[in-house]
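# What the coordinates show
So you can see what is in the structure, the chains are spelled out below.
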Amino acid sequence: MGGRGVESDEDEITGGGGGGQRTFIPRVMLRDDGEFCRIRFLTEHDDIFWELHHKNMVGKDFRGYALCTKSATGEDCAFCNDGVPANKHYFAWVYELSHFYPLTERAKETIKRRELKGKKVKEGKQTFYRVDTEEVLLMQYSGYHFGAVEKRAERHGTLLDRPFEWIRNGQPGDTDTSYIFEALDEEPFSKELKKIATDLPDLEDIVLGRVSSLDTKEAASDDADPFEEEPAEKNNGANEEEPF
Ligand SMILES: [Zn+2]
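If you're wondering where the values come from, they're calculated on a predicted model, not measured in any experiment.

### Concerning the overall build of the protein
The number of helices and strands found in the protein is 6 helices and 9 strands. Put simply, of all contacts in the protein between residues at least 6 apart along the chain, 70% involve residues at least 24 apart.

### Quick look at the pairing of strand β6 (residues 126-131)
Pairing analysis gives 4 bridges linking strand β4 (residues 86-102) to β6, with the strands arranged antiparallel. Each bridged residue has a counterpart across the sheet, and for F100 the counterpart in β6 is R130. Pairing between strand β5 (residues 119-123) and β6: 5 bridges, direction antiparallel. Residue pairing in the sheet places K122 in a bridge with T127 of β6. Linking β5 to β6, which pair antiparallel, is a turn of 2 residues; within it G124 sits at a positive phi near 65°.

### Things to note about unusual backbone geometry
Notably, E115 is not glycine yet its phi reads approximately 50°, a positive angle. Structurally, E115 is set in the loop between α3 (105-113) and β5.

### What about the confidence of the model for the protein?
On average, residues of the protein carry a pLDDT of 84, and 79% of them reach 70 or more. Per-element averaging of pLDDT across the protein places strand β3 (residues 61-67) at the bottom with 91 and strand β1 (residues 36-41) at the top with 98. Ignoring residues within four places in sequence, the model shows residues 1-23, a span with pLDDT below 50, making 55 contacts including any to other chains. Confidence drops under a pLDDT of 50 for residues 217-241, and excluding neighbours within four residues, the segment shows 23 contacts in the predicted structure.

### Thoughts on the environment of K120
By the secondary structure assignment, K120 is in strand β5. Residue classification places K120 among the exposed residues on the basis of 10 C-beta atoms within 10 Å. Distance in space between the C-alpha atoms of K120 and F100 is 9.1 Å, their sequence separation being 20 residues. Aside from chain neighbours lying at most four places away, what touches K120 is T127 and Y129.

Each value, and the rule that gives it
Residues numbered from 1 in each chain as written. Predicted model: local features only at pLDDT ≥ 70, side-chain atom pairs only at ≥ 80, totals over all residues. Helix = DSSP H or I, 4+ residues; strand = E, 2+ residues; numbered from the N terminus. Contact = placed C-beta atoms within 7 Å. Pairing = 2+ DSSP bridges. pLDDT = per-residue confidence, 0-100. Buried ≥ 20, exposed ≤ 12 C-beta atoms within 10 Å, placed from the backbone.

Shown next, in the form of structure tokens:
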């Protein structure tokens, strides 16, 4: 047990079992109703990467999303063969400035377990625990949740001109969860952001599993995978919801 990167594992969608895809790239993840994050896009709208994914269900357990290898590389896809429907996911790099947790029991547990340092703040009538995360995350959502982002890009020609809030509207486990995409005031895309964006791996490499960490741009090498035998750090309760 243990090893680097494990602490955030539970909050991430692991790559699923089917296509051999296993990623440890931290993702935008909102679990509770009203939970939101303040982000900067690092990927311009026309560089957003799309690919078909299958929902990996084992019995009633949701085990994350698996790449459709047939669509991505033309290889045989076990999910397609089993008749599992696929849907398009979009991928973009974002820089999370801060994350706002509603004070649910679940959030409190997460904050404690991950030793997140933040403070209570009021947003409107609701109190949140705000953590200034300042980290690069992968945004992966179903195309169903792309409408507002697309509209923004169409009308303004860019996603890089300001921060946004990405707000979950749906209780944990809700199948009809939606997301609100709120534009904040304009703020220049700083040199620092530009530098971060330039150094990021290609989204295609991430999606196809050729790069599985942000530590290095190199593809997953023969460096032993410390997670080989433990696909999910903790499975209890982790599968009760589908974040997308
Ligand atoms: Zn497939």
